[in-house]
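Secondary and tertiary structure notes
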Amino acid sequence: MRHVRVWIWGIVGVAAAFAIATMVVLSAVPLRSETLKSRIVETLSDRLDSDVVLDDLTLRVFPRLHAEATGLSIRRRGAGNAAPLISIKTFVVDADLLGVWRRHVAHVGVGGLVISIPPKDDADAHKNDDERKRPHRLHDGRGRPVADPPAPDSPPANADAKKEAAKSGHGGPTEVVIDVLDASDAKLVIVPRESNRVPKVWAIHQLRMRRLSAFESMPYEATLTNGVPPGEIKTSGDFGPWNRDDPGATPLNGTFTFDNADLSVFNGIAGTLSSKGSFDGSLGWIDVNGETDTPNFVIQVGGHPFPLHTKYHSIVDGTNGDTRLERIDAQFLKSSLVAKGAVLDGPPGQDGRTVTLDVDMQKARIEDIMHMAVKTTPAPLVGGLKLTTKFLLPPGKKDVVDRLQLNGHFQISSAKFSDPTVQSKILELSRRGRGKVNDTAREQVASDFRGRFILGGGQLQLPELAFAVPGAQVRLAGKYGLKSEQMQFAGNLLLDAKISQTVTGFKSVLLKIVDPLFGRPGGGSSIPIKIEGSRTNPKFGLDFGRVFKGDGK
């Protein structure tokens, strides 16, 4: 009987404990759909400081908690008719009773999620201008920039956020945590400040987030579609905690890969680009480090594929998509360049972006540049190249060559022409310029070029072009069409020797008559010349009009 009593009391105790546990669980779980709907609206309104609307919700408690809802809209207070900050067509909640007791929801499935990031107002934009100019930014636990690193013995900023949350009754052990959230066919929309601009839309095919909480960072994995150039981006990292006062300041970090991007959507170039990198910052201001590989990059005016590799550091303004390019290091063939600049929205009403760069090439080869832009193989000229230029590429549907604008200067050293016939004429020019017409010794004559250039509308203007070999210089100004390959130049041929010394025999005697006509101060000769025709069939000649005007001096 004593053993029986022990079993009886044991069963009673277990039943009592189960009853108590059941009451605790049921006290945490609203058993009516309307009650749960009201609680969701109230909680979201408080957590996000927003106006919340939920159209419909149905709830089933046993054997597992299962809720289905439609038409969730979250709009910032005072936003008027602006797009909702978050809108969801449907969502499904699944949880077990023990998990709910622990304030954990096992899984939430979301369909038709749209997150719209509004632009900052003008006051906030100007307030953060100085901070945004900093190449490296630190953020506190709420995604806000801080001017200086915290002292070594000070607590981390996010610890302060948690303390404040605990004091206000939010966060900590009373906060509901969603273990896993899955969203399909979601969209991230960047709303522009100007109403006549088209919003930037990122299509998110799959999004999985873990440990969702209003006051903690949340791991995520996502697959996105990039619009231009088309391709798939895979990314993972941490998001949050959500900044309810300024959603654009919500912290964000992670890594990404971008594969098989088709560059042929940009008229005038082609190739398949792959990219990878990492980012850190907030939804509104992201610091990005990455690299790209395009093994078959082609500029169509040249038509020759070549490998292009870049490394870059950029800062992206998530409120409008503008990108500041802190540094780009590019390598192609045997050349390299360094650039910095920006990618900004185009003029109002025009799709696309404007690229502005300052380009510096100190270790480059002229044959590599010609490989890009000239159809001839091999390149007509080889030699060392130094170049600096302003680079402007406005948006539009025309070929890149027609839209590209350059303004800079260059220097080519120790250059030689690939065509033996042309190189032999350069050697002959050098000998005649030095008055050594009868010299038949073997020589390797190198040429030096320098000049200033302006490219626009597919036409290359050279207001200053100097070409030099031992004993002779050519100074020209003119223009060249990149597609038509037509040229028109005028200038002077400067020789160390007199005209009569460039030939031998009876011709030399006759030309002594014109030596004074082409003489120049300090000795030597200056001959007005012009170059016209096409690249494959140039026509060189004496500019007689300028000879008799005395312009050859």
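Residues numbered from 1 in each chain as written. Predicted model: local features only at pLDDT ≥ 70, side-chain atom pairs only at ≥ 80, totals over all residues. Heavy atoms only, no water.

What follows is about the overall build of the chain. Helix and strand counts for the chain stand at 12 helices and 27 strands. Considering the chain as a whole, with its 553 residues, one finds that 42% of them fall into the buried category. Considering only residue pairs separated by 6 or more positions, the chain has 51% of its internal contacts joining residues 24 or more positions apart. Put simply, the chain shows about 30200 Å² of open surface, and 58% of that area lies on carbon and sulfur atoms. (Helix = DSSP H or I, 4+ residues; strand = E, 2+ residues; numbered from the N terminus. Buried < 20%, exposed > 50% of the residue type's maximum accessible area, 1.4 Å probe, protein only. Contact = heavy atoms within 4.5 Å. Areas by Shrake-Rupley, 256 points an atom, 1.4 Å probe, with all protein chains shown as cover.)

Residue Pro-241 is reached from Gly-240 by a cis peptide bond, and omega for that bond is 10°. Mapped onto the elements, Pro-241 comes out in the loop between β11 (231-239) and β12 (251-262). Unusually for a residue other than glycine, Asp-185 sits at a positive phi of about 55°. Taking the relative accessible area as the measure of exposure, Asp-185 reaches 57% and is therefore exposed. Of note, Glu-485 is a non-glycine position whose phi angle comes to about 60°, a positive value. Along the polypeptide, Glu-485 turns up in the loop between β24 (472-481) and β25 (486-495).

Here we take up the environment of Phe-279. Among the secondary structure elements, Phe-279 is positioned in strand β14 (residues 272-282). The sequence separation of Phe-279 and Val-316 amounts to 37 residues, and the corresponding C-alpha distance is 9.8 Å. Not counting residues up to four positions away in its chain, the partners in contact with Phe-279 are Tyr-220, Thr-235, Leu-252, Asn-253, Gly-254, Thr-255, Phe-256, Ile-286, Asp-287 and Val-288.

A word on the pattern of salt bridges. Taken as a whole and assessed by the stated rule, the structure comprises nine salt bridges. One salt bridge connects Arg-208 with Asp-182, and the closest N-O pair in it is separated by 2.6 Å. Of this pair, Arg-208 sits in strand β9 (residues 200-212) while Asp-182 sits in strand β8 (residues 177-190); the two residues are 26 residues apart in sequence, bridging distant segments of the chain. What makes Arg-208 partly exposed here is its relative accessible area of 31%. Among the residues examined, Asp-182 registers a relative accessible area of 21% and is labelled partly exposed. Put simply, Lys-390 and Asp-358 hold a salt bridge, and the shortest N to O gap is 2.7 Å. With Lys-390 in strand β20 (residues 381-393) and Asp-358 in strand β19 (residues 353-365), this pair connects stretches of sequence that are 32 residues apart. (Salt bridge = Lys/Arg side-chain N within 4 Å of Asp/Glu carboxyl O.)

Quick look at the environment of Ala-472 now. Tracing the backbone through its elements, the reader meets Ala-472 in strand β24. The sequence separation of Ala-472 and Gly-524 amounts to 52 residues, and the corresponding C-alpha distance is 9.6 Å. Not counting the four nearest positions on each side in its chain, Ala-472 is found in contact with Leu-429, Phe-467, Leu-493, Leu-494 and Leu-495.

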